[in-house]
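# Architecture at a glance
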Amino acid sequence: MDPITRQAIAVAGGAGGGGATYVDDVFSTFLYDGTGSGASPAVGQTINNGIDLSGEGGLVWFKNRDTTYPHRIYDTERGVNEFLESNSTAAEVNATHGLTAFNSNGFTIGTMPQLNEGTSGYEEHVSWTFRKAPGFFDVVTYTGNGTNQSIAHNLGSVPGCIMIKNLSSTAHWVVYHRGTSVPAEKALVLNENWAEDDDVYFNDTAPTSTHFTVGPKTQTNANNETYVAYIFAHDDQSFGTDSDESIIKCDSFTVNSSGEATVNLGFEPQLVITKNASGSGAWFIFDSMRGMAAGGNDAYLRPDTNGQESGGSNFIEPTANGFEIKNLGSNTTFVYMAIRRPHKPPTAGTEVFQNLNYNGTSATVTRSTNILVDALITQRTNAGTPYFLDRVRGFSKYMQPDNVYTEGTQTTNITTAANNFLEMGSGATVNYSGKNYLLSMFKRAPGFFDVVTYKGSGTSQAISHNLKAVPELIIVKVRDTSDDWPVYNAPNTASDYINLNSNSSTTSNSTRWNNTSPTSTVFTVGTDGSVNNSIRKYVAYLFATLDGISKVGAYSGTGYDINVDCGFTNGARWIMIKRTNGTGDWYIFNTLRGINSGNDPYMVLNSNAAEVTNTDYIDPLNAGFTVTSSAPSALNASGGYYLFLAIA
């Protein structure tokens, strides 16, 4: 795309207007439970995923995760009643009670079981929504002429992948992909696991930024037959705040003899679709919503079959810059499509943080949330071990900030972290009967919070992150052995660290952060085993100050009331405080349990002790919070120095 067109799109907000365009505006993976066939009563439902389909157009791809219902694909060019099946050669089908409306913020579905099965045990569904937008995705319908023809599109850049289906007749799905061995000549078949096919589907002509060409084949261009083409971009760098970021890439990678490959995208993906191109092999769809995680049992669906969701192996691990492949084959070339994870800056603290308070049941239960939860801290108000869980490692993995223990696994923890709910199993980590839980829940967002996993090297190394700001608070934990939780904080220096699992004061030691301050793209770890052992795996939680949303800072104690100005307008909803120049626990206060002018309940992260409710250590303040004169030396002593993280 030329610079003038790029600038016009940036000003207009892509196709939709309103400023810069983010992947959040044009793509969504949305998990939901069915309310239709099998439910009582059977009703349709509206899915709000924030994607404008009625105004901009696009595609919605559905799959029931629990059964062998086929994949179903709808698009705005053909209308709400017309569907195709990615795993079938069938022509277009017209049916009611499926997709019933394309909306300005998502879509509405009826009671059709393939889209909205509500029978217990079979009710879990996934939808992938692609909005039409220059540089990302387009939908085109056309009529074949039986010879060859050039078809216009509005992608605005050279396509990386084109999926074509004959709407009139039984025929295979044909896929152009720039990652095949000879892209203009070789094609793949979406509904089969076949190797590359050499034929004139695309008339041996490479697509351009305005057209693609089809040859005289039933699958792509039979006379008077009708077709739909789904056109995906590759590496068009016109997205993000400065309109200089890519959100989609279509390319190839080759796994080595050990079945491994490292793919550098320049971004962390939320969706990867891949296929063995050098031989026969299945198509796979991985996404972070269903469990594409570091060291997890990655869930996958196959667009070439109607099979239910499967998993059980560690196939793919997202990284800050791409992904790593494992166990998909050896000495084999795969093509892929990868879509960037959400990266739209938040405008309010309520978009990225929420507390949740409930009583455990020891039975599977669904609890509503107001945010997409990427990480959470669980604490039991009536005493119990606190835990850290996150989407990047997979929510079955947990760690305990009150000790040095290795990462644990409990499959009955959070079994689904969907867009607006958490499904909790019977696990004591989050749902033990008779216990009261407080969850501090965080969404990853530029300038606010990020989660990174990495492998140790034994020598100092820079670790990439996607915070898009300089981290001011970094919490690191080695996952596969027992060791401390080192914490970097900007109010101190890059030669200092403090341990989350301890009430001890700051220690100066260059082997944690290598005396190197973090940047907006990397943080540095030294040679200490708690941050960088050559045979170990790590996770890091990164926070920054984002105006009006979060504040990482410090204050000096006086023994009198201290007003801490965070730049907020309605006070802090969640506050973590730690004394750094003396003994002191990691205190947690929140408005859900109470930040009042009277007594304020608190818990500490470095202990399994019960919530304390009979003290008045903190008071509300519109600009942030007030530490009271009655607070102990761990919070407010003359000469004391205190680190804090506050969220509005």
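Note: the structure precedes this text.
Keep in mind it's a predicted model, so treat the numbers as computed, not measured.

### Digging into the overall build of the protein chain
- The helix and strand inventory of the protein chain stands at eight helices and 49 strands.
- Expressed along its principal axes, the backbone C-alpha trace of the protein chain runs to roughly 85 × 55 × 45 Å.
- Relative to its full complement of 648 residues, the protein chain shows a buried share of 59%.
- Considering only contacts within the protein chain whose residues lie at least 6 apart along the sequence, 64% involve residues at least 24 apart.
- Roughly 21600 Å² of accessible area belongs to the protein chain as shown, and the carbon and sulfur atoms make up 43% of that amount.
- Taking the average location of the 39 positive side-chain charges in the protein chain and that of its 59 negative ones, the two points are 4 Å from each other.

### Remarks on the environment of Thr-67
- In this structure, Thr-67 sits in the loop between β3 (58–64) and β4 (72–75).
- A residue is classified by how much of its surface remains accessible, and Thr-67, at 11% relative accessible area, is buried.
- Between the alpha carbons of Thr-67 and Thr-412 there is a distance of 21 Å; along the sequence they are 345 residues apart.
- With sequence-adjacent residues up to four places away left out, Thr-67 is seen in contact with Tyr-122, Asn-306, Gly-307 and Gln-308.
- A polar contact is formed between the side chain of Thr-67 and the backbone nitrogen of Tyr-69, at a distance of 3.3 Å.

### Remarks on the packing of aromatic side chains
- Within the structure shown, the criterion is met by 46 aromatic pairs.
- Ring centres 5.9 Å apart and planes at 50 degrees place the aromatic pair Tyr-74 and Phe-83 in the tilted group.
- Judged by its relative accessible area of 4%, Phe-83 falls in the buried class.
- Feature note: the residues Phe-27, Phe-130, Phe-136, Phe-137, Trp-173, Tyr-230 and Phe-232 constitute an aromatic cluster, connected by ring pairs.
- Over the aromatic face of Tyr-497 sits the side chain of Arg-512, whose NZ or CZ is 3.9 Å from the ring centroid.

### Remarks on the pairing of strand β21 (residues 283–287)
- For β21, the tally of buried residues reaches five of five residues, placing the bulk of the element in the interior.
- Neither face of β21 is exposed, since Trp-283, Ile-285 and Asp-287 on one face and Phe-284 and Phe-286 on the opposite face are all buried.
- Where strand β20 (residues 269–276) and β21 come together, five bridges link them in antiparallel fashion. Residue pairing in the sheet places Val-272 in a bridge with Phe-286 of β21.
- Connecting the antiparallel pair β20 and β21 is a turn made up of six residues.

### What to know about the environment of Asn-492
- Mapped onto the elements of the fold, Asn-492 is located in the loop between β37 (486–489) and β38 (496–499).
- For Asn-492, a relative accessible area of 18% gives the class buried.
- Taking the C-alpha atoms as reference, Asn-492 lies 16 Å from Thr-519; in sequence the two are 27 residues apart.
- In terms of polar contacts, Asn-492 uses its side chain to reach the side chain of Asn-489, at 2.9 Å.

### A look at the state of the cysteines
- Tallied over the full model, the rule gives zero disulfides.
- The closest cysteine sulfur to the non-disulfide-bonded Cys-161 is located on Cys-250, 5.3 Å from its own sulfur.
- Using a relative accessible area of 2% as the deciding quantity, one classes Cys-161 as buried.

### Focus on the sheet that holds strand β48 (residues 624–627)
- The strand order β43-β48-β47 describes an open sheet built from three strands, whose pairing is antiparallel. Strands at the two margins of the open sheet, each flanked by one partner only, are β43 (562–565) and β47 (618–621). When the angles between neighbouring strand axes are averaged without regard to direction, this sheet yields 25 degrees.

### Some thoughts on the sheet that holds strand β18 (residues 248–255)
- Taken in spatial order, the four strands line up as β18-β24-β20-β21 in an open sheet, and their pairing is antiparallel. Pairing within the sheet leaves two strands with one partner each, and these edge strands are β18 and β21. With direction set aside, neighbouring strand axes in the sheet form an average angle of 20 degrees.

### Brief notes about unusual backbone geometry
- Following Ser-40, the chain continues to Pro-41 via a peptide bond in cis, the omega torsion being 0 degrees.
- Looking at the secondary structure, you find Pro-41 in the loop between β1 (27–33) and β2 (45–48).

### Regarding empty space enclosed by the protein
- Under the criterion given, the structure shown has five cavities of 30 Å³ or more.
- Of the pockets and cavities examined, the largest cavity occupies roughly 90 Å³.
- Around the largest cavity sit 14 residues that line it, and Ile-377, Phe-388, Phe-442, Tyr-541 and Phe-543 are the ones nearest its centre.
- Secondary structure elements with two or more residues in the lining of the largest cavity: β27 (375–380), β28 (387–390), β41 (537–543) and β44 (574–579).
- Ranked by the residues each element gives to the lining of the largest cavity, the list is headed by β27, at three residues.
- Class assignment of the residues belonging to the lining of the largest cavity gives a composition of 14 nonpolar, no polar and no charged.
- Put simply, the second largest cavity is a space of about 70 Å³.
- Forming the walls of the second largest cavity are Phe-267, Glu-268, Arg-340, Arg-341, Pro-342, His-343, Pro-446, Asn-466 and Lys-468.
- When the residues that make up the lining of the second largest cavity are grouped by side-chain class, the tally is three nonpolar, two polar and four charged.

Quick notes on the rules
- Residues numbered from 1 in each chain as written.
- Predicted model: local features only at pLDDT ≥ 70, side-chain atom pairs only at ≥ 80, totals over all residues.
- Heavy atoms only, no water.
- Helix = DSSP H or I, 4+ residues; strand = E, 2+ residues; numbered from the N terminus.
- Buried < 20%, exposed > 50% of the residue type's maximum accessible area, 1.4 Å probe, protein only.
- Contact = heavy atoms within 4.5 Å.
- Areas by Shrake-Rupley, 256 points an atom, 1.4 Å probe, with all protein chains shown as cover.
- Lys, Arg positive; Asp, Glu negative; His and termini not counted.
- Charge placed at Lys NZ, Arg CZ, Asp CG, Glu CD.
- Polar contact = N/O pair within 3.5 Å; in protein donor to acceptor, adjacent residues only side chain to side chain.
- Phe/Tyr/Trp six-rings, centres within 6.5 Å; stacked < 30°, edge-to-face > 60°.
- Lys NZ or Arg CZ within 6 Å of the ring centre and 35° of its normal.
- Pairing = 2+ DSSP bridges.
- Disulfide = S-S within 2.5 Å.
- Axes fitted to C-alpha atoms, helices over the stretch in contact; angles between N-to-C directions.
- 1 Å grid on protein atoms, 1.4 Å probe; cavity = no way out; pocket = protein on both sides within 12 Å on 5 of 7 lines; lining within 4 Å.
- Points joined across faces, edges and corners; volume = space filled by probe spheres on them.
- Nonpolar A, V, L, I, M, F, W, Y, C, P; charged D, E, K, R; others polar.

Interpretation note: all reported values are geometric properties and have no functional meaning in isolation.
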